[in-house]
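Chains, contacts and geometry: an overview
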Amino acid sequence: MSEGIDQATLRALLEWQLEMGADAPVGDAPVDRFALPERAPWSGRAAAPAPALAQASAQARARERPSAAPAAPAEDDPVLAARRAAEAAEDLEALRAAIAAYPHCELKKGARHTVFADGRPGARVMVIGEAPGREEDREGLPFVGRAGQLLDRMFAAIGLSRAAPDPEAALYITNILPWRPPENRRPTAEECAMLAPFVARHVELAAPELLVLMGNTPAQALLGAAGITRLRGTWREVLGRPAMPTFHPAYLLRQPAQKRLAWADLLELAARLDGGGQA
Ligand code: URA
């Protein structure tokens, strides 16, 4: 055992890391730590089960299949109702209205705002986070609190901004859930499955070239895989588009040493936008 740290503390640290998704001691791809900068450029300090989407589609298909048992009417079935409403939305404003009118998610009752998106639709890069926090719920926009400020600095370091009018330099930002969970708790699998059809339609209508999945919740919901520590840094395919899972900025605020890895992910994103990047 390490000197000065008792067993209970070590256990608590390990549990916390597992909760953050650190379920493997090493990544799949080698990381050349000598090639990584000492500090991420946006860093203020020295660096020291099935996807909700697939689950939602399978559930909705099963419910649409004729069966001996009488099916619940579509308007009573949360996933099917979300799917129908999402598919009927012909543009982003219609989708925003459809989400705001969706009656099946209890989180809506405790939220001040339906947090839909920020940035420029048509941007080459779309960021998908977890859910609004206190500031986002108050302002009705995603990623405006401390984590959002870090997110802005991170993307500014590769020349992208939600305020940029030019789609080449713009970002478009949304979350898996549009309503703040109480006490900022993790979204449940049921909530993610319920809202997944809206996220899928959102991506379709915003039509980005690349997706960035920030943290475990979007990775779990869209890739069906937990463990952002293992998933990050490698391109995956989500909804027919290349997607880069990376650390959530709120996690980076707690774990600044990991900013170097997040910076490596952003450099990979920038390389892909420039026509290079991983094969
Ligand atoms: N964290 C998120 O995942 N999304 C937000 O909008 C704010 C914080």
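Coordinates for the structure precede this section.
All of the points below concern the structure found in this document. As the structure is a prediction and not an experimental result, all values here were calculated from the model.

Let us now look at the site of the ligand. The ligand sits among Gly129, Glu130, Ala131, Glu136, Pro142, Phe143, Asn175 and His248. Between the ligand and Asn175, the relevant distance is 2.8 Å, taken from a nitrogen atom to a side-chain nitrogen or oxygen of the residue. If the ligand stood free it would expose 240 Å²; the protein chains cover 91% of that surface. By residue class, the composition of the shell around the ligand is three nonpolar, three polar and two charged.

What follows deals with the state of the cysteines. By definition, a disulfide links the sulfur atoms of two cysteine residues through a covalent bond. Following the criterion strictly, the structure yields zero disulfides and no others. This cysteine, Cys105, is not joined by any disulfide, and Cys192 carries the nearest cysteine sulfur, 9.6 Å off.

With that settled, consider the sheet that holds strand E2 (residues 125-129). One open sheet holds the six strands; their spatial order is E1-E3-E2-E4-E6-E5, and the pairing between them is mixed. The strands lining the two open edges of the sheet, one partner per strand, are strand E1 (118-119) and strand E5 (236-238). Judged from the five bridges that link them, E2 and strand E3 (residues 171-175) form a sheet pairing that is parallel. Across the sheet, Ile128 pairs through a bridge with Thr174, a residue of E3. Strands in contact with helix H7 (residues 146-156) are E2, E3 and strand E4 (210-214); relative to E4, the strand with the most contacts, it is inclined by about 140 degrees. With respect to the sheet, helix H9 (residues 216-223) is in contact with E2, E4, E5 and strand E6 (241-246), its orientation differing from that of E4 by roughly 125 degrees.

Ranked by internal contacts, the top residues of the largest apolar core, which has 42 residues, are Ile128, Phe198 and Leu222. Elements that contribute at least two residues to this core include exactly helix H2 (52-64), helix H3 (78-88), helix H4 (92-101), E2, helix H8 (189-206), E4 and H9. Top element by residues in this core is H8. It accounts for 10 residues. Other than its neighbours up to four places away in sequence, Phe198 contacts Ala82, Ala85, Ala86, Leu95, Ala98, Ile99 and Tyr102. In terms of nonpolar packing, the next biggest core, distinct from the first, is built from 30 residues, Met154, Phe247, Ala262 and Leu269 among them.

In this section: the layout of surface pockets. The volume enclosed by the largest pocket comes to roughly 810 Å³. Contributing to the lining of the largest pocket are 30 residues, with Ala147, Asn184, His248, Ala250 and Arg254 lying nearest its centre. At the level of secondary structure, the elements contributing two or more residues to the lining of the largest pocket comprise helix H6 (134-139), H7, H9 and helix H11 (249-254). Of all the elements, H11 adds the most residues to the lining of the largest pocket, at four residues. Considered class by class, the residues forming the lining of the largest pocket number 11 nonpolar, nine polar and 10 charged.

This part is about the packing of H7 against helix H12 (residues 259-273). Two elements in contact, H7 and H12, have axes separated by 10 Å at closest approach and are oriented at 50 degrees. Judged by the angle between their axes, H7 and H12 are oblique. Note that H7 runs across H12; the crossing there is right-handed. Across from Leu150, Met154 and Phe155 in H7, the residues of H12 making contact are Lys259, Ala262, Leu266 and Leu269.

Rules used throughout
Residues numbered from 1 in each chain as written. Predicted model: local features only at pLDDT ≥ 70, side-chain atom pairs only at ≥ 80, totals over all residues. Heavy atoms only, no water. Near = heavy atom within 4 Å. Polar contact = N/O pair within 3.5 Å; in protein donor to acceptor, adjacent residues only side chain to side chain. Areas by Shrake-Rupley, 256 points an atom, 1.4 Å probe, with all protein chains shown as cover. Nonpolar A, V, L, I, M, F, W, Y, C, P; charged D, E, K, R; others polar. Disulfide = S-S within 2.5 Å. Pairing = 2+ DSSP bridges. Helix = DSSP H or I, 4+ residues; strand = E, 2+ residues; numbered from the N terminus. Contact = heavy atoms within 4.5 Å. Axes fitted to C-alpha atoms, helices over the stretch in contact; angles between N-to-C directions. Core = buried A, V, L, I, M, F, W, Y, C linked by side-chain atoms within 4.5 Å. Buried < 20%, exposed > 50% of the residue type's maximum accessible area, 1.4 Å probe, protein only. 1 Å grid on protein atoms, 1.4 Å probe; cavity = no way out; pocket = protein on both sides within 12 Å on 5 of 7 lines; lining within 4 Å. Points joined across faces, edges and corners; volume = space filled by probe spheres on them. Parallel < 35°, antiparallel > 145°, perpendicular 65-115°, else oblique. Left-handed = near helix turned anticlockwise from the far one by under 90°.

The values reported here are purely geometric and, on their own, carry no functional implication.
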